[in-house]
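For reference, the chains in residue letters:
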Amino acid sequence: MDVIVAADRSELLAARAALGLDGAPGRRAGGAGTLALVPTMGALHEGHRSLIRLARERADHVAVSVFVNPLQFGPHEDFSRYPRTFDADLEVCAAEGAGLVFAPAADEIYLPDRQVGVSAGQMGTIVEGAFRPGHFDGVLTVVLKLFNLVRPDVAVFGQKDAQQLAMIRRMVADLNVPVEVVGAPTVREPDGLALSSRNRYLSPADRATAVALSRALREGARHTRPKDILHAAHAVLDEAARADPPLLLDYLSLVDPATFTAVAEDHRGEAILAVAAKVGTTRLIDNAVLTLSPVM
């Protein structure tokens, strides 16, 4: 399948017109259909492929954005070395049936004297946000910009970035953004490690330690009470902290899926067990969706 590549607003408008999407979002006259957007930072892997496939199920046309967003990286994070594999990314998009790739330069997205952005609010300062100040402000700002530029009906995001997904849903609700946000299950490698573009940074020894993240989530999921869940998961992570190289834990949190505040001991229903840690030079995140049961 041929993929239309757009690098700026004029090319994006021309691409939308070529796909029959030059009207307002929503079901168009003449059967032109709907558009789903898969926002990415490139370095596409099987997890991204699954997002594109889900997007194809939810809309008539699929757009993939490829943009390494400088606003969501901190001053000592890996923006400069984040993998950029655009030619390979185009091949993935074509193979999975995406019709449009929007790949803007930074100056196409942000004015040099940019002043206005999206504030993530209190939710952006806890759990992942506590370790990456300003990160979610950058995420929400670029996502809203992409929504305004691409004008999708549906947007698909991975559950691996669970707090990001929750915050995008909150932004859409708070700001009345006419986009349906769809979450897709986390895709894992055979050893259980959640797929990430950063996995390529891991040495074999790093990887042997890093799989403790998914093991901790599985051990936690064997239980139904918050105290037991956290105790079981911490036991795995404590053992990995003594490995060579060691796992350096940032957080292990059991949170409400909508607010990302810690659940109470008597919480019932859905919760997210979220973890972040550094192995070698690579920081990884993971999570599992659990169902907490009442004490009998």
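Residues numbered from 1 in each chain as written. Predicted model: local features only at pLDDT ≥ 70, side-chain atom pairs only at ≥ 80, totals over all residues. Heavy atoms only, no water.

Considerations on the sheet that holds strand E1 (residues 4–6)
- Spatial ordering of the open sheet is given by E1-E4-E3-E2-E5-E6, a layout of six strands whose pairing is parallel. This sheet does not close on itself; its edge strands, each paired only once, are E1 and strand E6 (180–184). The average angle at which neighbouring strand axes cross in this sheet is 25°, direction not considered.
- Here strand E5 (residues 154–158) pairs with E6 via five bridges, running parallel. Across the sheet, Ala155 pairs through a bridge with Val181, a residue of E6. (Pairing = 2+ DSSP bridges. Helix = DSSP H or I, 4+ residues; strand = E, 2+ residues; numbered from the N terminus. Axes fitted to C-alpha atoms, helices over the stretch in contact; angles between N-to-C directions.)

Examining the pattern of salt bridges
- Here the structure, examined in full by the defined rule, presents 17 salt bridges.
- If you follow the salt bridges from partner to partner, you end up with Glu77, Glu128, Arg132, Asp250 and Arg283 in one network. (Salt bridge = Lys/Arg side-chain N within 4 Å of Asp/Glu carboxyl O.)

A word on the environment of Ile229
- Mapped onto the secondary structure, Ile229 falls in helix H10 (residues 226–240).
- Relative accessible area serves as the criterion here: at 0%, Ile229 is assigned to the buried category.
- Residues Ile229 and Leu273, 44 residues apart in the sequence, show an inter-C-alpha distance of 8.5 Å.
- Beyond its immediate stretch of four places on either side in the chain, Ile229 contacts Gly220, His223, Thr224, Leu254, Leu273, Leu290 and Leu292. (Buried < 20%, exposed > 50% of the residue type's maximum accessible area, 1.4 Å probe, protein only. Contact = heavy atoms within 4.5 Å.)

Quick notes on the sheet that holds strand E7 (residues 247–255)
- An order of E7-E8-E9 is seen for the three strands of this open sheet, with the pairing classed as antiparallel. Each having just a single partner strand, E7 and strand E9 (282–292) make up the two edges of the open sheet. Looking at each pair of strands side by side, their axes are set apart by 15° on average, direction ignored.
- Here 11 bridges tie strand E8 (residues 269–279) to E9, and the two strands are oriented antiparallel to one another. For Ile272, the partnering residue across the bridge sits in E9 and is Val289.
- Sitting on the sheet, H10 is in contact with E7, E8 and E9, with an inclination near 170° to E7.

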